[in-house]
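# Observations on chain architecture
Residues per chain are reported as follows:
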Amino acid sequence: MGPDSESQQWVAEVARLAGRPYEVLRKVRSGDRSVDVSVPESAALREGTPMILDDIASSGSTMARAVERLLAAGTAAPVCLAIHAVFAHGAQDAILSAGAARIITTDTIPHPTNAIGIAGLLAEAILSVVTALDLPVAGTIRLDPNPAERTTE
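Residues numbered from 1 in each chain as written. Predicted model: local features only at pLDDT ≥ 70, side-chain atom pairs only at ≥ 80, totals over all residues. Heavy atoms only, no water.

Turning to the overall build of the protein chain, a few remarks are in order. Within the protein chain, the secondary structure is distributed over four helices and eight strands. Starting at the N terminus and walking to the C terminus, you meet the elements of the protein chain as α-β-β-β-α-β-α-β-β-α-β-β. Scored against the burial criterion, the 153 residues of the protein chain give a buried share of 32%. A sequence separation of at least 24 residues applies to 50% of the contacts in the protein chain between residues at least 6 apart. Put simply, the protein chain shows about 9200 Å² of open surface, and 55% of that area lies on carbon and sulfur atoms. (Helix = DSSP H or I, 4+ residues; strand = E, 2+ residues; numbered from the N terminus. Buried < 20%, exposed > 50% of the residue type's maximum accessible area, 1.4 Å probe, protein only. Contact = heavy atoms within 4.5 Å. Areas by Shrake-Rupley, 256 points an atom, 1.4 Å probe, with all protein chains shown as cover.)

Written out as structure tokens, the structure reads:
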């Protein structure tokens, strides 16, 4: 599940890789912590455990409201996944109090909910860029005024 239209790009790709269907909820924000979320009518929502995926969780309001709306629609308690757990004071409690089964976050921001390490993914991406740019993988790059004279140590 994506909690809003902004999340569709990530939710669609994760669902594709997992071979699962996805839905994107509709969000209307009327303030920093005032959010309403609507859930589409879908029988697929009540099959299995829904996962809510969002890129950044700050106040937790969007995830908490999405959890409440999904539970009201008859789903199992959802698992909430955030890429960047900014989590302002009380955000984690708000999401759990709304009825989330669990909160899982990446380790981009240290938090007790971190369960997904991204160092390996970053290393692969950096290696891919270095390789594409034909830069040396090991050693120190010395940048001279003339880029044609780059050397490694």
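This brings us to the pairing of strand E3 (residues 51-57). The sheet contact formed by E3 and strand E4 (residues 79-85) spans six bridges and is parallel. Residue Ile56 lies in a different strand from E4, and its bridge partner there is His84. Crossover E3 to E4 through helix H2 (residues 61-72) is right-handed. (Pairing = 2+ DSSP bridges. Right-handed = clockwise from strand over helix to strand, strands pointing away.)

Across soluble globular proteins, nonpolar side chains have a tendency to be buried as a group. Core analysis: the largest hydrophobic core is formed by 22 residues, its most contacted members being Ile52, Cys80, Phe87 and Ile95. At the level of secondary structure, the elements contributing two or more residues to this core comprise strand E2 (35-38), E3, H2, E4 and helix H3 (91-98). Looking at this core element by element, the count peaks at five residues for H2. In contact with Cys80, other than residues within four places in its own chain, are Ile52, Met63, Val67, Ile95, Ala100, Arg102, Ile103 and Ile104. Val11, Leu53, Leu81 and Ile104 belong to the second largest nonpolar core, which has five residues in total. (Core = buried A, V, L, I, M, F, W, Y, C linked by side-chain atoms within 4.5 Å.)

Turning our eyes to something else, we now look at the sheet that holds strand E6 (residues 114-116). Here four strands make up an open sheet; going across it, the order is E3-E4-E5-E6 and the pairing parallel. Each end of this open sheet is capped by a strand with a single partner; those strands are E3 and E6. Put simply, the sheet's adjacent strands are angled 40° from each other on average, direction ignored. Relative to E3, H2 is tilted by about 165°, and along the sheet it contacts E3 and E4. (Axes fitted to C-alpha atoms, helices over the stretch in contact; angles between N-to-C directions.)

Backbone geometry at Phe87 places phi at a positive 45°, although glycine is not the residue there. Tracing the backbone shows Phe87 in the loop between E4 and H3.

Turning to the pairing of E4, a few remarks are in order. Within a regular beta strand, the side chains point alternately toward one face of the sheet and then the other, so they alternate between its two faces. Of all seven residues making up E4, five are buried, and the element is well covered by its neighbours. Pairing of E4 with strand E5 (residues 102-106) involves four bridges; the strand directions are parallel. Among the inter-strand pairings, Leu81 is bridged to a residue of E5, identified as Ile104. At this point the chain moves from E4, through H3, to the parallel E5, and the crossover so formed is right-handed.

Moving on, we get to the side chain of Thr105. With respect to the element layout, Thr105 can be found in strand E5. Side chain to side chain, Thr105 and Thr113 meet in a polar contact 2.8 Å long. When residues no more than four places from it in sequence are discounted, the contact partners of Thr105 are Leu81, Ala82, Ala85, Phe87, Thr113, Asn114, Ala115 and Ile116. (Polar contact = N/O pair within 3.5 Å; in protein donor to acceptor, adjacent residues only side chain to side chain.)

As a further point, take helix H4 (residues 119-132). The first and last C-alpha atoms of H4 sit 20 Å apart over 14 residues, in line with the 20 Å expected at 1.5 Å per residue. Backbone geometry just downstream of H4 places Asp134 in the positive-phi region, at approximately 60°. (Expected span 1.5 Å × (residues − 1).)

On to the environment of Pro3, then. Locating Pro3 in the fold gives a position in the segment before helix H1 (8-18). Relative accessible area serves as the criterion here: at 0%, Pro3 is assigned to the buried category. Between the alpha carbons of Pro3 and Thr62 there is a distance of 6.8 Å; along the sequence they are 59 residues apart. Ignoring sequence-local partners within four residues, the contact set of Pro3 consists of Leu25, Lys27, Val37, Ile52, Leu53, Asp54 and Thr62.

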